[in-house]
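Observations on the three-dimensional arrangement
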Amino acid sequence: MLSKRMLSREEEAQIGEEKEVRREDQEKINRFSRLHSREKGIDEQLKAREASNALNVRAAPPQQVTNAGLQKEKEDLEEISAELELADEDDKVPYRIGDSFFSLPVSEVQDLLSSSVERINGNVESLEEKLSGLRDEMRELKAALYGRFGRSINLEA
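Residues numbered from 1 in each chain as written. Predicted model: local features only at pLDDT ≥ 70, side-chain atom pairs only at ≥ 80, totals over all residues. Heavy atoms only, no water.

- Naming follows an unreviewed UniProt entry, where the protein appears as Prefoldin subunit 4 of Friedmanniomyces endolithicus.
- Per UniProt, the protein has the following entry under Subunit (unreviewed entry): "Heterohexamer of two PFD-alpha type and four PFD-beta type subunits."
- Recorded in UniProt under Sequence similarities (unreviewed entry), the annotation for the protein is "Belongs to the prefoldin subunit beta family." (UniProt positions renumbered as here; feature names shortened; annotations may be inferred.)

Okay, structure coming up:
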């Protein structure tokens, strides 16, 4: 958590005189703030996305659906794949579609499971690409703003 404190006289002397905030500076600060908000949102999507949206397979009896990130969903699907490899081909396993469970053959569930893993991988890659682009632009804005204002501006979150 950030702590607020006043600058000491030495720190004030190092900063020098205050620089006037120009319109373009304020636009950069606002842009940085918007990018930072988007970055937090994408991080949240990667870390805490509702499992019921993407996790449709249960190889064991239905369990309570909890919030899990995309990475967790991917791990769960891979674990279920491993469990299904041990199941007999003639067995039927519960597969969730919406709020209902249907008993489907193992081979069909494995196909559906692999498509779910591919979809999740695509989602993760897409979000990570967006996050990378945001962070690059934030780095550029941070360098420009720190170059102009020095220690008199705080862009660390």
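**With respect to the environment of S81**
- Locating S81 in the fold gives a position in helix α4 (residues 70-86).
- For the pair S81 and V109, spaced 28 residues apart in the sequence, the C-alpha separation amounts to 9.1 Å. (Helix = DSSP H or I, 4+ residues; strand = E, 2+ residues; numbered from the N terminus.)

**Concerning the packing of aromatic side chains**
- In total, this model carries zero aromatic pairs according to the counting rule given.
- The positively charged end of R148 is found above the aromatic ring belonging to F149, 5.3 Å away from the centroid. (Phe/Tyr/Trp six-rings, centres within 6.5 Å; stacked < 30°, edge-to-face > 60°. Lys NZ or Arg CZ within 6 Å of the ring centre and 35° of its normal.)

**Points about a negative patch on the surface**
- Where like charges cluster on the molecular surface, the negative patch consists of E75, E78, E79 and E83.
- Relative to the assigned elements, E78 resides in helix α4.
- Overall, the relative accessible area of 41% leaves E78 in the partly exposed class. (Patch = residues over 30% accessible without salt bridge, like charges linked within 9 Å, V, L, I, M, F, W, Y side chains within 5 Å. Areas by Shrake-Rupley, 256 points an atom, 1.4 Å probe, with all protein chains shown as cover. Salt bridge = Lys/Arg side-chain N within 4 Å of Asp/Glu carboxyl O. Lys, Arg positive; Asp, Glu negative; His and termini not counted. Charge placed at Lys NZ, Arg CZ, Asp CG, Glu CD. Buried < 20%, exposed > 50% of the residue type's maximum accessible area, 1.4 Å probe, protein only.)

**A few points about helix α2 (residues 23-47)**
- If you check α2, its first and last C-alpha atoms are 36 Å apart, about what 25 residues at 1.5 Å a residue would give, namely 36 Å.
- Within the span of α2, buried status applies to D25, F32, L35, E39, I42, D43 and L46.
- Of the surrounding elements, those touching the buried residues of α2 are α4 and α5 (106-149). (Expected span 1.5 Å × (residues − 1). Contact = heavy atoms within 4.5 Å.)

**Some details on the pattern of salt bridges**
- Applying the stated criterion across every chain, the model contains eight salt bridges.
- Across the pair D25 and R148 runs a salt bridge whose closest N-O atoms are separated by 2.6 Å. Here R148 lies in helix α5 and D25 lies in helix α2, a separation of 123 residues in the sequence.
- Classification of D25 by relative accessible area gives buried; the value is 2%.
- A salt bridge links D136 to R139; the shortest N-O distance between them is 2.4 Å.

**A few points about the packing of α4 against α5**
- Look at α4 against α5: their axes get within 10 Å of each other, and the N-to-C directions meet at 160 degrees. Overall, the two elements α4 and α5 adopt an arrangement that is roughly antiparallel. You can see that α4 and α5 cross each other, and the crossing is left-handed. Counting all contacts with α4, which are made through L70, Q71, E73, K74, L77, I80, S81, L84 and E85, the residues of α5 involved are V106, V109, Q110, L113, S116, V117, I120, N121, N123, V124, L127 and E128.
- When the residues that make up the contact of α4 with α5 are grouped by side-chain class, the tally is 11 nonpolar, six polar and four charged. (Axes fitted to C-alpha atoms, helices over the stretch in contact; angles between N-to-C directions. Parallel < 35°, antiparallel > 145°, perpendicular 65-115°, else oblique. Left-handed = near helix turned anticlockwise from the far one by under 90°. Nonpolar A, V, L, I, M, F, W, Y, C, P; charged D, E, K, R; others polar.)

**What about the side chain of E39?**
- Here E39 lies in helix α2.
- A residue is classified by how much of its surface remains accessible, and E39, at 11% relative accessible area, is buried.
- A polar side-chain atom of E39 sits 2.7 Å from a polar atom in the side chain of R135.
- Each residue touching E39, except ones within four places of it in the same chain, is listed here: L131, L134, R135 and M138. (Polar contact = N/O pair within 3.5 Å; in protein donor to acceptor, adjacent residues only side chain to side chain.)

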